[in-house]
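Residue-level listing of the chains:
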Amino acid sequence: MGMRKVLTRIPVLQASYLTGHPMGLPVNITISTSYRCNSRCKTCNVWLLPNDDFTLEEWDRTFQSLGKAPYWFTFSGGEPTLRKDLPEMVESAYRHCKPGIINIPTNGIQDKIIPGRVERVLQACPESEVIINVSLDGVGLKHDTVRGVRGNFERAMRTYAALKDLKTKYQNFTLGVHSVISNFTVDSFPELCEFVQTELKPDQYITEIAEERVELDTVGLGITPPVEKYSVAINTLVESLHDQKLTGISAVTQAFRLQYYEIVKKTLREHRQVIPCMAGVASAQIAPNGDVWTCCIRAQSMGNLREYGYDFGKVWRTARADELRHSIKAGECYCPLANASYTNMLMHPPTLAKVSATVLRERRQAAKAGQGAPQPALPIPAAEA
């Protein structure tokens, strides 16, 4: 399904939000492949959770029920590359759903295994944009300390180098770096930001603020930095982004990210939904055991796919699902969750207007500089989580 088709679905999704009853399936779905993880991060206890993972056959039946509705898949974890059948899982989603974007984050620890599994994904999904984000929360020993694994930084760097080599073979491959800004990393973020942008030079550098999530068993841990410190850190990244002269899709994606960082600041200050949250309408998450959630922050189940014959649509339309949508619409929760936020932004006309204004301003500046820039269509930015 092309991006234009997603844009035509926006009015239907907005109507679903207003009425509280879904008129279609979500365009953005996060798949939690497993809670198993070989990291021991200070910001995440997911590895302590019990495992009851869907089999490949169960995922295949689920993807078949989704049809062509999802445009954007994120295969998360735990550490998704620990699943030996990850390439087959992604191939199943590609075969049944034909998504435009497939995003997979990784801690990069399995440096001898990850590149091969990523290449199998790239081979299986030639018409999707495959985005691999290598997680990096510090430089050298700092990263190892936050991630709780000795040698993680060196292994992640070897993984990154091997993935960079794959870019010469596959045109549909975006290689990024992803950082979580937490109370453990907020003060050292400027050093990390400079390292990533001057040494690694990824296709994209994205960040996410550390959140207390039910899914990650981090509620009450105090990992979220205060807005004052977060603002100083993120402004370092924003200033470096302004120095980049991007055009086309890259310019639009960057404009979305800049707006997202402003939404995070405002959410932390005002403790409310800054823009309407479309979780449970335009976006959703499926837990490793088949529970369908509106999002991973609340991690409250609409129903389990095993109990509904692996028919996502049936779970999506349960009375419990309607209750959760009503709660979200009533503003009973708020968060700056990146994955859901980008979908929310796409569905919110005032935010789209701000993004468009930023893009047009950059185009005018590029034109004055003699660069020129084609008029891009609005894409869904790559997932951050």
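The rules behind the values
Residues numbered from 1 in each chain as written. Predicted model: local features only at pLDDT ≥ 70, side-chain atom pairs only at ≥ 80, totals over all residues. Heavy atoms only, no water. Helix = DSSP H or I, 4+ residues; strand = E, 2+ residues; numbered from the N terminus. Axes fitted to C-alpha atoms, helices over the stretch in contact; angles between N-to-C directions. Parallel < 35°, antiparallel > 145°, perpendicular 65-115°, else oblique. Left-handed = near helix turned anticlockwise from the far one by under 90°. Contact = heavy atoms within 4.5 Å. Nonpolar A, V, L, I, M, F, W, Y, C, P; charged D, E, K, R; others polar. Buried < 20%, exposed > 50% of the residue type's maximum accessible area, 1.4 Å probe, protein only. Arc of directions from axis to C-beta.

K.L.:
Let's hear about unusual backbone geometry: which residues, and what values?
P.N.:
Looking along the chain, the bond that leaves G77 and enters G78 is cis, with omega of 10 degrees. One can find G78 in the loop between β2 (72–76) and α3 (86–97). A positive phi angle, near 60 degrees, is found at Y310, a position not held by glycine.

K.L.:
Please set out the packing of helix α2 (residues 56–66) against α3 residue by residue, giving values where relevant.
P.N.:
When two helices pack together, their arrangement is given by the angle between the helix axes and the distance between those axes. In the contact formed by α2 and α3, the axes pass within 8 Å of each other and the chain directions differ by 20 degrees. As summarised for this structure, α2 and α3 are arranged roughly parallel, according to the angle between their axes. Along this stretch, α2 crosses α3, giving a crossing that reads as right-handed. Every residue of α3 that contacts α2 at L56, W59, D60, F63, Q64 and L66 is listed here: E88, M89, S92, A93, R95, H96 and C97. Grouping the constituent residues of the contact of α2 with α3 by class yields 7 nonpolar, 3 polar and 3 charged.

K.L.:
Describe α2, and please don't skip the residues or the numbers.
P.N.:
All of the buried residues along α2 are E58, W59, T62, F63 and L66. Across the axial projection of α2, the buried residues extend over an arc of 135 degrees, all falling on one side. Of the exposed residues in α2, the ones pointing more than 90 degrees away from its buried face are E57 and Q64. Residues of α2 that are buried make contact with β1 (28–32), β2, α3, β7 (283–286) and α10 (312–316).

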